[in-house]
Amino acid sequence: MTALTLSNVNKSFGNVHVLKDITLEVDEGEFVVFVGPSGCGKSTLLRVIAGLEDASSGEIGIGGQQVNLVPPSKRGIAMVFQSYALYPHLSVRGNMTLALKQEKQSKSEIEKRVDVASRMLNLEPYLDRYPSELSGGQRQRVAIGRAIVREPKLFLFDEPLSNLDAALRMNTRIEIANLHRALDASMIYVTHDQTEAMTLADKIVVLRDGRVEQIGSPMELYNNPVNQFVAGFLGSPSMNFLPEGLLPDGGQNTIGIRPEDLFLSDEGPIAVRVSHVEKLGGDTNVIAKIDEHTVTARLFGQHAISEGQDLRFAFAPDKAYRFDATGQRLR
Amino acid sequence: MNKARQNPFNVVAMHGALILYTLVALFPVFVILINSFKTRRAIFREPLALPNADSFSLIGYQTVMKQGDFFLYFQNSMIVTVASLFFILLFGAMAAYALSEYQFRGNLLMGLYLALGIMIPIRIGTVAILEMMVATGLVNTLWALILVYTAQGLPLAVFILSEFMRQVSDDLKNAGRIDGLSEYTIFFRLVLPLVRPAMATVAVFNMIPIWNDLWFPLILAPAEETKTLTLGSQVFIGQFVTDWNAVLSALSMAILPVLILYIIFSRQLIRGITSGAVK
């Protein structure tokens, strides 16, 4: 069964067309990540799914039932916000039980669900504290706990990690992945961070300017991007784009090579001057210039390369992607 | 830390200025208080002297107690002030929430219309208001005053509160909507507690003018049983003879209730409970 169906969803604010003909499906138990640069409409799309914004046109179905006119609380969803949005006047327990009390669940049922969720998230010692007495990471866990106790058909995460520091972000990311495995629930996760998208998703939806650019598993998108935007958005460091004219026997198109597919070779076609070297121990990132274009190469292991040095890079022809002037992939 | 704050000279200068201002502001109150405990002759001989064994007298307070029903005046003033503040805050906050939260046709126009009230003094409409009160039979009731003061306070309340309501996190309200709270619950349980400092500001701004007002009680409710404290004190001020003992005593007593109300609201001003709600 499908957890979520969107067909031709459009959303405009006045004259601004924010979402354009979005059509997609989320299967039961799937972890779907909406990713895209800021302003691409991914958060708006999430709000439309949640029912916090009305779609201008199109149909939204959750669990096989059309929900266009159903209020947020009756859609069978739970949402985790970027700013946590905890109720400041309620304790952690109060925050987690409020929705259940609104649904008129029995006391024992509420107790049971809070128990399960707080054990899952290690929140037991904090149940009687107030949000102002918790750290950022703890607040985020409470926000997730508040979603879990509702046992929704669909979880919605709106950039839940962007307020956390780097170390905490990685831990919480793993926690969310474990949670998805443990709950086996359908989840939609919005982020602008491609690492989060790659590591968490069963399926990534890449958005740009309110349009779906490509949908697929992380490796599908990585190995087989449909256009220059998707190719450049996924992967870190991001893909190098060079005019074919810079290379011997080149044409008019743009060529894209991932940094890890470049290797040092004295006969290589790409002659560059090194402008910066990042030595990470396991990897060495070389940032170099060819004319006005920047090339990033990710070399495995440690290399004695310094700024100002002239190098030549080569690549396997089957690892190169070609794009036409409009950014479409040429095969 | 700010460097200017650590500089001892600046600290002294700052506190000096604040202390000086406090003295200047409190001086009239102080003079009223000490003179209310003196005989009439002592008041005029040495207005700034503290009451001593010779000059000490409670004659002013005795006159005030005997003349008219001062506790009733107190009660009237209290009822009018508290009820007006309650309605100003309730309706002001509700209107401000609607203006800041919901998109509807004429939203901006409505906001401007309400803000216009800040610039037009309500006293201009006194004659019309009096006619209305006569027509509705509200003359000489406390309701007449409460309604007028509520109308007088609403524009500024809506203006200030809608500005603050815009700052309340959307995520918080949306979280409430997803959890199935009604719009009223979101307003009363989530938004109002977060704008409490702004509500206290509005309350303090409105409280003093209402408490001190002489104009509307004199015109709309001059009957003995609806007199407010300010109006009641006027009996001691005559065209040719003024009973200063009584006036000063009445004024001293009138300070107390406002002081208590102010302390209640100012604690709200200081208390910030937003911390921890949203990052």
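Each value, and the rule that gives it
Residues numbered from 1 in each chain as written. Chains lettered and ligands numbered in written order. Predicted model: local features only at pLDDT ≥ 70, side-chain atom pairs only at ≥ 80, totals over all residues. Helix = DSSP H or I, 4+ residues; strand = E, 2+ residues; numbered from the N terminus. Buried ≥ 20, exposed ≤ 12 C-beta atoms within 10 Å, placed from the backbone. Contact = placed C-beta atoms within 7 Å. Domains from an automatic or database assignment. Nonpolar A, V, L, I, M, F, W, Y, C, P; charged D, E, K, R; others polar. Pairing = 2+ DSSP bridges. Core = buried A, V, L, I, M, F, W, Y, C linked by C-beta atoms within 7 Å. pLDDT = per-residue confidence, 0-100. Axes fitted to C-alpha atoms, helices over the stretch in contact; angles between N-to-C directions. Left-handed = near helix turned anticlockwise from the far one by under 90°.

1. A short note on the overall build of chain B
On a plain count of helices and strands, chain B comes out with 14 helices and 0 strands. When the helices and strands of chain B are listed from N to C terminus, the series reads α-α-α-α-α-α-α-α-α-α-α-α-α-α. In terms of overall dimensions, chain B has a C-alpha envelope of 70 × 65 × 30 Å along the principal axes. By residue count, 34% of the 279 residues in chain B fall in the buried class. Restricting the contact set of chain B to residue pairs at least 6 apart, pairs at least 24 apart contribute 77%.

2. Focus: the overall build of chain A
Counting its regular elements, chain A contains 8 helices and 19 strands. Burial status across chain A gives 38% buried among its 331 residues.

3. Regarding the domain arrangement of chain A
All names here are of chain A. If you check the domain split of chain A, you get domain 1 (2-232) and domain 2 (237-330). With centres defined by C-alpha atoms, the gap from domain 1 to domain 2 works out at 37 Å. Each partner contributes to the interface: domain 1 provides 7 residues, whereas domain 2 provides 10 residues. Of the residues contributing to the side of domain 1 that touches domain 2, the split by class is 4 nonpolar, 3 polar and no charged.

4. Some words on the interface of chain A and chain B
Across the boundary between the two partners, chain A contributes 25 residues, which contact 19 residues of chain B. When residues of the side of chain A that touches chain B are traced back to their parent elements, those giving at least two are β6 (77-80) and α2 (92-102) of chain A. For the side of chain A that touches chain B, the per-class residue count stands at 16 nonpolar, 8 polar and 1 charged.

5. Some points on the domain arrangement of chain B
Residue and element names in this part refer to chain B. Split by domain assignment, chain B resolves into domain 1 (3-57) and domain 2 (67-270). The centre of domain 1, based on its C-alpha atoms, is set 31 Å off from the matching centre of domain 2. On the domain 2 side, the residues contacting the 7 residues of domain 1 number 7 residues. Mapped onto the side of domain 1 that touches domain 2, the elements with two or more residues apiece are α2 (8-36) and α3 (40-45).

6. Quick word on the pairing of strand β17 (residues 310-315) of chain A
Residues and elements named next belong to chain A. Of the two faces of β17, the one holding Leu 311, Phe 313 and Phe 315 is buried and the one holding Asp 310, Arg 312 and Ala 314 is not buried anywhere. In this structure, strand β13 (residues 262-264) lies alongside β17, joined through 3 bridges in antiparallel fashion. Across the sheet, residue Leu 264 finds its bridge partner in β17, namely Phe 313.

7. A look at the nonpolar core
In this structure, Leu 156 and Ile 188 of chain A together with Leu 145 and Leu 161 of chain B are the most contacted members of the largest nonpolar core, which totals 132 residues. Aside from chain neighbours lying at most four places away, what touches Leu 161 of chain B is Gly 92, Ala 93, Ala 96, Val 195, Ala 198 and Val 202 of chain B. The next biggest cluster of nonpolar side chains, apart from the first, holds 11 residues, and it includes Val 64, Ala 246, Val 247 and Ala 250 of chain B.

8. Brief notes about the sheet that holds strand β12 (residues 254-257) of chain A
All names here are of chain A. Across the sheet, which stays open at both edges, the 4 strands sit in the order β11-β12-β18-β19 with antiparallel pairing between neighbours. Only two strands of the sheet have a single neighbouring strand rather than two, namely β11 (240-243) and β19 (329-330). Bridge count between β12 and strand β18 (residues 321-323): 3 bridges; the pairing is antiparallel. What sits directly across from Thr 254, in β18, is Phe 323.

9. Things to note about the confidence of the model for chain B
All names here are of chain B. For chain B, mean pLDDT is 86; residues scoring 70 or higher make up 94% of the total. The weakest mean pLDDT in chain B belongs to helix α1 (residues 3-6) at 58; the strongest belongs to helix α7 (residues 126-136) at 94. Counted against residues more than four places away or in other chains, residues 272-279, with its pLDDT under 50, gives 25 contacts. Scoring the predicted complex yields pTM 0.78 and, for the interface, ipTM 0.83.

10. Some remarks on the sheet that holds strand β2 (residues 16-27) of chain A
What links the strands of a sheet is backbone hydrogen bonding, and the strands pair in either a parallel or an antiparallel sense. Residues and elements named next belong to chain A. Reading across the sheet, the 4 strands line up as β2-β1-β4-β5 and stay open at both edges, with antiparallel pairing between neighbours. Edge positions in the sheet fall to β2 and β5 (65-66), since each of these pairs with one other strand and no more. Against the sheet, helix α1 (residues 42-50) makes contact with β1 (2-13), β2 and β4 (57-62), and its axis sits at roughly 65° relative to β2, the strand it touches most.

11. Observations regarding the pairing of β1 of chain A
All names here are of chain A. Direction of pairing for β1 relative to β2: antiparallel, over a ladder of 8 bridges. Bridge assignment links Ser 12 to a residue of β2, and that residue is His 17. In this antiparallel pair of consecutive strands, β1 and β2, the connection spans 2 residues, and Gly 14 shows a positive phi of 60°. Where β1 and β4 come together, 5 bridges link them in antiparallel fashion. Within β4, the residue paired with Ser 7 across the bridge is Glu 59.

12. Quick look at the packing of helix α5 (residues 70-101) of chain B against helix α11 (residues 196-212) of chain B
Residue and element names in this part refer to chain B. α11 packs onto α5 with a crossing angle of 145° between their chain directions and a minimal axis gap of 10 Å. Classified by chirality, the crossing of α11 by α5 is right-handed. Contact residues: Ser 77, Val 80, Thr 81, Ser 84, Leu 85, Ile 88, Leu 89, Gly 92 and Ala 93 in α5; Met 199, Val 202, Ala 203, Asn 206, Met 207, Ile 210 and Trp 211 in α11. Class assignment for the residues of the contact of α5 with α11 results in 11 nonpolar, 5 polar and no charged.

13. Comments concerning unusual backbone geometry
Residues and elements named next belong to chain A. Of note, the bond from Ser 236 into Pro 237 is cis; its omega dihedral lies within 30 degrees of zero at -5°. Among the secondary structure elements, Pro 237 is positioned in the loop between α8 (228-233) and β11. A positive phi angle, near 70°, is found at Tyr 84, a position not held by glycine. You can see Tyr 84 is positioned in the loop between β6 and α2. The class of Tyr 84 is buried, set by 28 C-beta atoms lying within 10 Å. Positive phi outside glycine occurs at Asp 291, with the angle close to 50°.

14. Describing α1 of chain A
Residue and element names in this part refer to chain A. Within α1, 8 of the 9 residues are buried, which leaves the element mostly enclosed by the surrounding structure. Listing the buried residues of α1 in full gives Lys 42, Thr 44, Leu 45, Leu 46, Arg 47, Val 48, Ile 49 and Ala 50. Where α1 terminates, the next one or two residues include Gly 51, which has phi positive at roughly 90°.

15. Some details on the environment of Arg 123 of chain B
With respect to the helices and strands, Arg 123 of chain B occurs in the loop between α6 (107-119) and α7. Between the C-alpha atom of Arg 123 of chain B and that of Pro 197 of chain B, which follows or precedes it by 74 residues, the distance is 29 Å.

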